[in-house]
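Letter by letter, the chains look like this.
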Amino acid sequence: MLPLNPDLAATFRPPVMEARRWLQGLAPNPDRPLINVSQAAPVDPPPEGLRRAIAEAALDRPEAHLYGPVLGNGELREAVAAEWNRAYGASLTAGNVAITQGCNQAFCAAIASVARAGDEVIIPVPWYFNHKMWLDMQGIGAVPLSCGQGMVPDPQAAAALITPRTRALVLVSPNNPSGAEYPAEVVRGFFDLARQHGLALILDETYRDFDSRDGAPHDLFADPDWGDTLIQLYSFSKAYRLTGHRVGALVAGVERQVEVEKVLDTLAICASQLGQIGALWGMGNLGDWLAGERAEILRRREAMTRAMAGLDGWRLKGCGAYFAWAEHPFTESSATLAPRLVREAGVLLLPGTMFMPEGDADGPRHVRIAFANVNGEGIAALADRLAALRP
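Residues numbered from 1 in each chain as written. Predicted model: local features only at pLDDT ≥ 70, side-chain atom pairs only at ≥ 80, totals over all residues. Heavy atoms only, no water.

Heads up, the rule is: UniProt positions are given in the numbering used here, feature names are shortened, and annotations may be inferred rather than shown by experiment.
If you look the protein up in an unreviewed UniProt entry, it shows as aspartate transaminase from Paracoccus salipaludis. What UniProt records for the protein under Catalytic activity (unreviewed entry) is the sentence "L-aspartate + 2-oxoglutarate = oxaloacetate + L-glutamate". We quote the UniProt Sequence similarities (unreviewed entry) comment for the protein here in full: "Belongs to the class-I pyridoxal-phosphate-dependent aminotransferase family."

Laid out in structure tokens, this is it:
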């Protein structure tokens, strides 16, 4: 038998793919179409102007089909730096920006730059499962940090988990899977804690474009020495519906980008050229459109909050950006409840067990609802189906 990396073998299978397997063998029900709230990927294509920009580049720009700079195309890096300077009051240059093959690759590169097998990373739970999977594959310990009121983690609680093996703290805000938006003072508290202990703060802001707050969600980039502590991650996928083109970003100190370049060159050489062209066009032309997308997501968030408030026994723990994290009223584990919902209610969502350490009592009691692709009418129908479900 061929050898197998035991760290990879011990890692769980991709949760979204696992959930899709629950649909196998089920005949479509025209009277009860499936409500799919399992994944936070836009289901519509990008706006026509962006698609035309990609199509024209594919036809007219030979370089769109070639390798580009490992850290990303210069125009896009400069555009990100300029937008971050405007949005965060920062003083970034293109040298602070790396363009990655999606935000998951940005996370992988960030972790590879700070930790190796045997090290530890502190990460709030419920966690984003791909973050946990990558840490497992690398033999890096994922140390769970329980969240408090409103699904917001506490820097003081994190401080108690730091050991000589700790290399980084990870935050995702707005959060996947809970939807929680971390207050600026909490993010600053984690930044100060990381700086005090010589750790990295890896801050994933994939959903920053759908934050309900106006203005910058934190002031970390205003710190003149931010690059000694902070690594920020971002995705263009949700903002411009570019999921299939795989374009993300990693913002860090110029010195760290030297190390990040090694990782990116080894994994994919460079991000998709057509995706980068699309992202740049989006940044330059879709500001008003994106504001409308944000407004619609916030309306759906309000609809989700109202709908869950009317459900007997259900308790909404967090709701924001694309996600709701809810406690269900049944005695069974969410691991069996979720596939039952597919069969009995025509609802596909993910169980809390996919976002929690094995054996954690909170996982079986919770589910994640990715509501961003469901309009107000669909959210009301979802609530009706959940209300009708019996133990």
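Now that the structure is up, let's keep going.
**Here's the deal with the overall build of the protein**
Note the threshold: Numbered from the N terminus, helices here are DSSP runs of H or I no shorter than four residues, and strands are runs of E no shorter than two. Note on method: radius of gyration uses C-alpha positions; expected globular size equals 2.2 Å times residues raised to 0.38. Each residue gets one of three labels from its accessible area relative to the maximum for its type: buried under 20%, exposed over 50%, partly exposed in between, using a 1.4 Å probe on protein chains only. Any two residues having at least one pair of non-hydrogen atoms within 4.5 Å are treated as being in contact. Working definition of accessibility: Shrake-Rupley area with a 1.4 Å probe, residue cover restricted to the visible protein chains. Charge assignment: positive for Lys and Arg, negative for Asp and Glu; neither His nor the chain ends contribute. The atoms used to mark charge sites are NZ of Lys, CZ of Arg, CG of Asp and CD of Glu.
A count of helical and extended segments in the protein gives 14 helices and 13 strands. Rg of the C-alpha trace for the protein: 21 Å, near the compact-globule value of 21 Å for 391 residues, within the 12% margin. Principal-axis analysis of the C-alpha atoms gives the protein an extent of 55 × 55 × 55 Å. Scored against the burial criterion, the 391 residues of the protein give a buried share of 54%. The long-range share in the protein, meaning contacts at least 24 apart out of those at least 6 apart in sequence, stands at 75%. Total accessible area on the protein is roughly 17,100 Å²; 51% of this is exposed by carbon and sulfur atoms. Mean positive and mean negative side-chain charge positions of the protein (35 and 44 charges, respectively) differ by 5 Å.

**Thoughts on the packing of aromatic side chains**
Keep this limit in mind: Only rings of Phe, Tyr and Trp enter the pairing, Trp through its six-membered ring, and a pair is recorded when the two centres are within 6.5 Å. The plane angle decides the type: under 30 degrees is stacked, over 60 is edge-to-face, the rest tilted. Lysine and arginine charges are scored as sitting over a ring when NZ or CZ, respectively, is within 6 Å of the ring centre and within 35 degrees of the ring normal.
With the rule as written, the count across this model stands at 13 aromatic pairs. With centroids separated by 5.3 Å and ring planes inclined at 55°, the aromatic side chains of Tyr207 and Tyr322 adopt a geometry described as tilted. With Tyr207 in the loop between strand S6 (200-204) and strand S7 (230-235) and Tyr322 in the loop between strand S9 (315-320) and strand S10 (323-327), this pair connects stretches of sequence that are 115 residues apart. We note that Tyr207, like Tyr322, is buried. Seen in terms of ring centroids, Tyr234 and Phe236 are 5.1 Å apart; in terms of plane orientation they differ by 80°. Their pairing is edge-to-face. Above the face of the Tyr234 ring, Arg208 is positioned so that its terminal group lies 5.8 Å from the ring centre. Directly above the aromatic system of Phe330 lies the positively charged group of Arg340, at a separation of 5.8 Å from the ring centroid.

**A closer look at helix H6 (residues 129-137)**
Burial analysis of H6 places 7 of its 9 residues in the buried class, which makes it a mostly covered element. Within H6 the residues assigned to the buried category are Phe129, His131, Lys132, Met133, Trp134, Leu135 and Asp136. Gly139 occupies a position one or two residues after H6 and carries a positive phi of about 70°.

**Regarding the sheet that holds strand S12 (residues 350-351)**
Let me state the cut-off plainly: A pair of strands is treated as paired once DSSP finds two or more bridges between them.
Spatially, the 4 strands line up as an open sheet ordered S9-S10-S13-S12, and their pairing is antiparallel. The two strands at the open ends of the sheet, each matched to only one other strand, are S9 and S12.

**A word on the sheet that holds S6**
Counted only if it meets this: Here an angle of 0 to 180 degrees is reported between the N-to-C directions of two axes, which are lines fitted to C-alpha atoms, with helices fitted over the stretch in contact.
On the basis of which strands lie adjacent, the open sheet formed by 7 strands has the order S2-S8-S7-S6-S5-S3-S4 and mixed pairing. Strands at the two margins of the open sheet, each flanked by one partner only, are strand S2 (97-100) and strand S4 (141-146). When the angles between neighbouring strand axes are averaged without regard to direction, this sheet yields 25°. Bridging between S6 and S7 involves 4 bridges; their strand directions are parallel. For Leu203, the partnering residue across the bridge sits in S7 and is Gln232. Running over the sheet, helix H4 (residues 74-88) touches S2, S7 and strand S8 (248-251) and is turned about 120° from S2. Helix H5 (residues 103-114) rests against S2, strand S3 (120-125), strand S5 (166-172), S6, S7 and S8 of the sheet, and its axis sits at about 165° to S7.

**Focus on the environment of Glu185**
With respect to the helices, strands and loops of the structure, Glu185 is situated in helix H8 (residues 184-197). By relative accessible area, which is 60% here, Glu185 ends up exposed. Sequence separation between Glu185 and Glu344 is 159 residues, and the spatial gap between their C-alpha atoms is 44 Å.

**Topic: the pairing of S7**
A large share of S7 lies buried, amounting to 6 of its 6 residues. Summarising the sheet, S7 and S8 pair through 4 bridges and their orientation is antiparallel. Looking across to S8, one finds that Tyr234 is bridged to Ala249.

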